[in-house]
Amino acid sequence: MILVKETSSLLKEALVKIGEKTGMRQFPSPYLEIPHETRHGDLSTNVALQLAKQSGLPPLKIAEDIVKLIAFRSPVFSRIEVAPPGFINFFFKPEIFYPIINRIIREGSRYGCSNFGEGKRVLLEFVSANPTGPLTVAHGRHAAVGDAIARILRMAGYTVVKEYYYNDSGRQMELLGRSLYARYKEASGAKADIGEDGYHGEYLRELAREITNDEAKKDIDFFSSFAEKRIFAGIKQDLSEFRVDFDSWIKEKDLYESGAVDRVIEELRKAGEVYEEEGALWLRSSLFGDEKDRVIRRRNKEPTYIAPDIAYHHQKYERGFDLLIDLFGPDHHGYSPRLWAALTALGHDRGKLKIIIVQLVSLYRGKEKISMSTRKGEFITLRQVLHEVGGDVARFFFLMRKTDSHLNFDIELAKSESLENPVYYVQYVHARSASIMKVARENAIAPGKDADLSFLREEEEIAIMKKLAQFPDVITGCAKNVEPQPVTGYLQDLAKAFHNYYNHFRVINPDNQQLTQARLRLVVAVKTVIANGLTLLGIPPCEKM
RNA sequence: GCGCCUGUAGCUCAGCUGGAUAGAGCAUCUGCCUUCUAAGCAGAGGGUCCGGGGUUCAAGUCCCUGCAGGCGUGCCA
């Protein structure tokens, strides 16, 4: 919200003066909040309540003293009132919100950008699904969240690299190859023996049909790499359909081949953070906040899966980023302490690595829950959902809940092109605005730069302007918490304010050119902010519905 | 057993460092289309914020405790 700083410094000055008079030395830094209710003003503070105890004065008296000190210091307030039990409520004059409209139109797609991140470099790793099967709906949420976070951080002044890390080696790939081989044999009549740990999904059956008899004479390695290539191509295609792209792809195999895994184990050994026991190599992770020590190299000398992961994150640190962000599934949340432990043991600052848990997605068709089991290979793929509900709607739904909250995704609701669907509600504002602009053009009216905005006096208009002014703060808030969800809520709020306005007032009014001009400016500003918000979520705004 | 998360309206969820009469959408009911897109708007009803203690001028929010649900706790990834 604009003018928070100004109000805050006025408040601080007043507090200092009061401190001189009463001998109070310490006061809480004045916290201003935007009240829920408009009758409590545009900004509100509770400092007087906080000061009451240490000063021994009644809070109302303190509040009144503060108000007396600042009431006439600034021309921006229409009034400042004291409300029991001791709140101070600030009301701004409507005209101070006018400049925001011109600013939005001037800045266009840059409105909302800030230097909050001070150009810090962020490495954001997400999705990172292994090429053992098609992307699931859960991966879809990771993709939507990761991509939105990247966009938000960039808007807030960070430099972001989006990275995808995948395991293309070892036991997992061998199992994949064996599973595919079993499916191939099955196609020629044999019984498929995939085993407990194998991959049971239908997709391998389909892949098996594409293998020629000639190729099948080859070994398991052939089947592994065939499956990997085909599945990974499918993953990339799904991501591109979802319009989520990555700047960088890291393969686990490379970490082995470059010696990075051995090197990092050696480093830990030199640092004295590992020990041998029962033939295995253990990391002293319990010294660094983990519940227990962890094996990083098995008795058979094979590294455990954490070893390449340590090497990978070690490299992330050495690549010189200011902040590392990992998006994990909930099944990995017990994994973060040991990763942090390993990195701390290597002398890295664990505070630089932020791990975000992206909670599970449950699919519904109306009331009916769709049961899924990745292990049995029964799941709805991301592709199926994209084809059924469309990428834009899916993105919005994936981002509607807080990242670390469980998400219920109702496919019926997502498909419905009705008032129940929040995506259309927001898009509708953009389309409506575009439509108004079109009619204005047809009537040869343009939203002139010199429009006199003081014609915007309706309560609804002021409310929209206040909402528009909040957008940059919403973005920095999201960046600070690394959480895209508030953007969806903001867009819905702004959309509501606009639809309400639209239904009560006519923008284009041939009898009043000046009013029309001013209102058109407001509409352009709303359209711009809706577009910027949707773009942050990776959803293209539409001109027409 | 230990650790983490969740519990707010019939349903799905917001609720920012503790603040004012706990909010929104959907669902239900009632109104609004000769006017820039009705995929819209306005209004109404609907609550033991899981229970119980505590801290505070003030608790959905913080502390303790109990209950319910989910997850984690591999020389699997």
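Residues numbered from 1 in each chain as written. Chains lettered and ligands numbered in written order. Predicted model: local features only at pLDDT ≥ 70, side-chain atom pairs only at ≥ 80, totals over all residues. Heavy atoms only, no water.

Caption draft 1: Seen up close, the sheet that holds strand S2 (residues 43-45). If you trace the 4 strands from one edge of the open sheet to the other, you get S1-S2-S4-S3, paired in antiparallel fashion. The open sheet has two edge strands with one neighbour each: strand S1 (32-33) and strand S3 (77-83). Pairing geometry for S1 and S2, over 2 bridges, is antiparallel. The partner of Leu32 across the bridge, within S2, is Thr45. (Pairing = 2+ DSSP bridges. Helix = DSSP H or I, 4+ residues; strand = E, 2+ residues; numbered from the N terminus.)

Caption draft 2: Spotlight on the pairing of strand S6 (residues 159-166). The buried fraction of S6 is high, at 6 of 8 residues. For strand S5 (residues 121-125) and S6, the ladder comprises 5 bridges, and the chain directions are parallel. Residue pairing in the sheet places Glu125 in a bridge with Glu163 of S6. Remark: the S5/helix H5 (residues 137-155)/S6 crossover connection has right-handed handedness. As paired strands, S6 and strand S7 (residues 248-251) are joined by 4 bridges and run parallel to one another. Of the residues in S7, the one forming a bridge with Tyr165 is Ile250. (Buried < 20%, exposed > 50% of the residue type's maximum accessible area, 1.4 Å probe, protein only. Right-handed = clockwise from strand over helix to strand, strands pointing away.)

Caption draft 3: Up close: the packing of aromatic side chains. According to the stated counting rule, one finds 27 aromatic pairs in the structure shown. With centroids separated by 6.1 Å and ring planes inclined at 70°, the aromatic side chains of Tyr164 and Tyr166 adopt a geometry described as edge-to-face. Residue class for Tyr166 comes out buried when judged on its relative accessible area of 7%. Note on Tyr275 and Trp282: the rings are 6.4 Å apart at their centroids and 10° apart in plane angle, and the pair reads as stacked. In this pair, the class of Tyr275 matches that of Trp282, namely buried. Put simply, the rings of Phe126, Tyr164, Tyr166, Phe232, Phe246 and Trp249 pair up and form one aromatic cluster. Over the ring of Trp340 we find Arg350; its NZ or CZ atom is 4.4 Å from the centre of that ring. Looking at Arg432, its charged tip hangs above the ring of Tyr502, at a distance of 3.8 Å from the centre. (Phe/Tyr/Trp six-rings, centres within 6.5 Å; stacked < 30°, edge-to-face > 60°. Lys NZ or Arg CZ within 6 Å of the ring centre and 35° of its normal.)

Caption draft 4: Broad picture of the side chain of Thr516. Within the fold, Thr516 resides in helix H20 (residues 513-536). For Thr516, a relative accessible area of 1% gives the class buried. From its side chain, Thr516 meets the backbone oxygen of Asn509 in a polar contact 2.9 Å long. If we skip the residues at most four places from it in the chain, Thr516 touches Ile445, Val507, Ile508 and Asn509. (Polar contact = N/O pair within 3.5 Å; in protein donor to acceptor, adjacent residues only side chain to side chain. Contact = heavy atoms within 4.5 Å.)

Caption draft 5: Focus on the protein's contact with RNA strand B. Neighbouring RNA strand B are 61 residues; Tyr31, Arg298, Tyr305, Tyr428 and Ser435 lie closest to it. Near the protein, within 4 Å, the atoms of RNA strand B are sugar or phosphate in 56% of cases. Within the contact set of RNA strand B, a phosphate oxygen lies 3.5 Å away from a backbone nitrogen or oxygen of His406. Between RNA strand B and the protein, one listed contact pairs a base nitrogen with a backbone N or O atom of Tyr502 at 3.0 Å. (Near = heavy atom within 4 Å.)

Caption draft 6: How the structure looks around the domain arrangement of chain A. For chain A, the assigned domains read domain 1 (4-92) and domain 2 (418-536). The straight-line distance from the C-alpha centre of domain 1 to that of domain 2 is 33 Å. (Domains from an automatic or database assignment.)

Caption draft 7: Representation of the sheet that holds strand S8 (residues 274-277) in the model. Strands sit in the order S8-S9-S10 across an open sheet of 3 strands; the sheet is antiparallel. The outermost strands of the open sheet, each flanked by one partner alone, are S8 and strand S10 (294-297). Neighbour-to-neighbour, the strand axes of this sheet turn through a mean angle of 45°, independent of strand direction. Judged from the 3 bridges that link them, strand S9 (residues 280-283) and S10 form a sheet pairing that is antiparallel. Bridging across to S10, Leu283 finds its partner in Arg294. (Axes fitted to C-alpha atoms, helices over the stretch in contact; angles between N-to-C directions.)

Caption draft 8: Just the pattern of salt bridges, in detail. Taken as a whole, this structure holds 29 salt bridges when the rule is applied. Between Arg183 and Glu186 there is a salt bridge, with its nearest N and O atoms 3.2 Å apart. In this pair, Arg183 and Glu186 both sit in helix H6 (residues 170-187), 3 residues apart, roughly one turn of the helix. Classification of Arg183 as buried rests on a relative accessible area of 7%. Judged by its relative accessible area of 23%, Glu186 is partly exposed. Salt-bridge contacts for Asp238 lead to Arg383; the nearest nitrogen and oxygen are separated by 2.4 Å. In this pair, Asp238 sits in helix H9 (residues 220-241) while Arg383 sits in helix H14 (residues 382-389), placing the two residues 145 residues apart along the sequence. Overall, Asp238 belongs to the buried group, its relative accessible area being 3%. Residues participating in the shared-partner salt-bridge network are Asp147, Arg151, Lys162, Asp245 and Arg395. (Salt bridge = Lys/Arg side-chain N within 4 Å of Asp/Glu carboxyl O.)

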